[in-house]
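Below, each chain spelled out in residue letters.
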Amino acid sequence: MAKEPQSIRVVIYDQEYFMRGDLNEEYIQKLARYLDTKMRSIAERTRTVDTVRVAILAALNVVDEYHQLKARHEEVTEHLDQKVGEYSAALDQILKDAM
């Protein structure tokens, strides 16, 4: 019999939400704190009191962070793939010369 996912209470921007899922409660709380911090920072900088507007701006901020990290990850992965190819070719040449 499958275990029912537990309900996890989080508070984001003074609003209470109950989350269900298989993720670790500590991780969910960490995500909620991160989003709460983003929203409060945006509200303070923009002096916006509209919660929906603050949430949309926070979402755009988080998506921007995600895409910047994704681009950086792809750049590093491409660089590593290039280096692996170079080292592989060099090793093949060394082994060829040794024979």
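Above: the structure in question.
Residues numbered from 1 in each chain as written. Predicted model: local features only at pLDDT ≥ 70, side-chain atom pairs only at ≥ 80, totals over all residues. Heavy atoms only, no water.

### A word on the overall build of the chain
Of regular secondary structure, the chain possesses 2 helices and 2 strands. Counting helices and strands in the order they occur from the N terminus, the chain gives β-β-α-α. Compactness check: the chain gives a C-alpha radius of gyration of 23 Å against a globular reference of 13 Å for 99 residues, more than 25% above the reference. Principal-axis analysis of the C-alpha atoms gives the chain an extent of 70 × 50 × 15 Å. Taking all 99 residues of the chain together, the buried fraction comes to 15%. Long-range contacts, defined as pairs at least 24 residues apart, comprise 23% of the intrachain contacts of the chain with a sequence gap of at least 6. Carbon and sulfur atoms form 57% of the exposed surface of the chain, whose accessible area is close to 8,600 Å². Seen as two clouds, the 14 positive and the 18 negative side-chain charges of the chain have centres 5 Å apart. (Helix = DSSP H or I, 4+ residues; strand = E, 2+ residues; numbered from the N terminus. Rg over C-alpha atoms; globule rule 2.2 N^0.38 Å. Buried < 20%, exposed > 50% of the residue type's maximum accessible area, 1.4 Å probe, protein only. Contact = heavy atoms within 4.5 Å. Areas by Shrake-Rupley, 256 points an atom, 1.4 Å probe, with all protein chains shown as cover. Lys, Arg positive; Asp, Glu negative; His and termini not counted. Charge placed at Lys NZ, Arg CZ, Asp CG, Glu CD.)

### Notes on the nonpolar core
Buried together is how nonpolar side chains tend to be arranged in soluble globular proteins. The biggest cluster of nonpolar side chains holds 11 residues, and these are I8, V10, I12, Y13, I28, A32, M39, I42, A43, V54 and A58. When contributions to this core are tallied by element, the ones reaching two or more residues are β1 (7-12), α1 (25-46) and α2 (51-98). Top element by residues in this core is α1. It accounts for 5 residues. (Core = buried A, V, L, I, M, F, W, Y, C linked by side-chain atoms within 4.5 Å.)

### A short note on α1
In this model, α1 (22 residues) spans 31 Å end to end at C-alpha, consistent with the 32 Å of a helix rising 1.5 Å per residue. Those residues of α1 that are buried lie in contact with β1, β2 (15-20) and α2. Backbone geometry just after α1 places R47 at a positive phi near 55°. (Expected span 1.5 Å × (residues − 1).)

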